[in-house]
Every structure is written in structure tokens, then in C-alpha cells.
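Below, each chain spelled out in residue letters.
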Amino acid sequence: MSHRTITVTDMACTGCEENVTDALESIDGVSTVEADHETDTVEVEADDGVSDDDLAAAIEDAGYEVAG
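All values derive from a computational prediction rather than experimental measurement. (Residues numbered from 1 in each chain as written. Predicted model: local features only at pLDDT ≥ 70, side-chain atom pairs only at ≥ 80, totals over all residues. Heavy atoms only, no water.)

A separate point is unusual backbone geometry. Trans peptide bonds make up most of the peptide bonds, and negative phi angles are found at most residues other than glycine. Although it is not a glycine, Asp40 sits at a positive phi angle of roughly 60°. Mapped onto the fold, Asp40 is located in the loop between strand 2 (30-36) and strand 3 (41-46). (Helix = DSSP H or I, 4+ residues; strand = E, 2+ residues; numbered from the N terminus.)

Quick look at the pattern of salt bridges now. Under the defined criterion, the tally for this structure stands at one salt bridge. Across the salt bridge formed by Asp52 and Arg4, the nearest N and O atoms sit 3.1 Å from each other. Of this pair, Asp52 sits in helix 2 (residues 52-61) while Arg4 sits in strand 1 (residues 2-7), and the two are 48 residues apart along the sequence. Overall, the relative accessible area of 51% leaves Asp52 in the exposed class. Residue class for Arg4 comes out buried when judged on its relative accessible area of 12%. (Salt bridge = Lys/Arg side-chain N within 4 Å of Asp/Glu carboxyl O. Buried < 20%, exposed > 50% of the residue type's maximum accessible area, 1.4 Å probe, protein only.)

Moving on, we get to the pairing of strand 2. Looking at chain direction, strand 2 and strand 3 are connected through six bridges and run antiparallel. Looking across to strand 3, one finds that Val33 is bridged to Val44. Here strand 2 folds back onto strand 3, and the loop between the two strands holds four residues, one of which, Asp40, carries a positive phi near 60°. (Pairing = 2+ DSSP bridges.)

Moving on, we come to the sheet that holds strand 2. The sheet built from three strands is open, its strands ordered 1-3-2 with antiparallel pairing. With partners counted over all chains shown, the strands left at the sheet margins are strand 1 and strand 2, one partner each. If you compare each strand with its neighbour and ignore which way they point, the axes differ by 15° on average. Most of the contacts of helix 1 (residues 14-25) go to strand 2, to which it runs at about 165°, and overall it touches strand 2 and strand 3. Set on the sheet, helix 2 makes contact with strand 1, strand 2 and strand 3; between it and strand 1 the angle comes to about 40°. (Axes fitted to C-alpha atoms, helices over the stretch in contact; angles between N-to-C directions. Contact = heavy atoms within 4.5 Å.)

Note on placement: Glu34 falls in strand 2. For the pair formed by Glu34 and Glu45, sequence separation is 11 residues and the distance between their alpha carbons is 9.1 Å. Beyond its immediate chain neighbours, meaning those up to four positions away, Glu34 contacts Thr41, Val42 and Glu43.

Before going further, it helps to examine helix 1. Along its 12 residues, helix 1 runs 16 Å from first to last C-alpha, staying within 8% of the 16 Å computed at 1.5 Å per residue. Among the residues of helix 1, Cys16, Glu17, Val20, Thr21, Ala23 and Leu24 are the ones counted as buried. Buried residues of helix 1, viewed axially, fall in a sector of 160°; they line one side. Contacts made by the buried residues of helix 1 are with strand 2, strand 3 and helix 2. (Expected span 1.5 Å × (residues − 1). Arc of directions from axis to C-beta.)

Take a look at the structure:
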């Protein structure tokens, strides 16, 4: 299990947080997600087998942009 912090630059409201959270929680191996549109961050706890690319792809598929 690993903790990751992802910067998502275009979350504007709690609805955006919910969209990103739902997208990430749909990935097998993701256990917790905490999105905060005020800090543009998403905190994720996931199995080591879940790659950063998997997380970024889910966020981007939901319509949001991952920084960096």
C-alpha cells in the first residue's frame, strides 16, 4: 500500500471533487481518496500494483487535468 499526492489543476467545486473521487475509487486496488479543490490536491491510498499512470488516466478520463 502506498500514499500518493496528485495535483489536479482544474477542480473548481465539491462536485469536481466527487467526480475525481468516483473515478479513482473505480480502480481496483485504490482504498481511499480525498480530493480538495481548494488546494488542487488528491490524496490516494492504493496498492503498489496501481501505477501513477493508472491514476492519472482515470482523472483525465473524468475530464480533469493532472499537473506535472
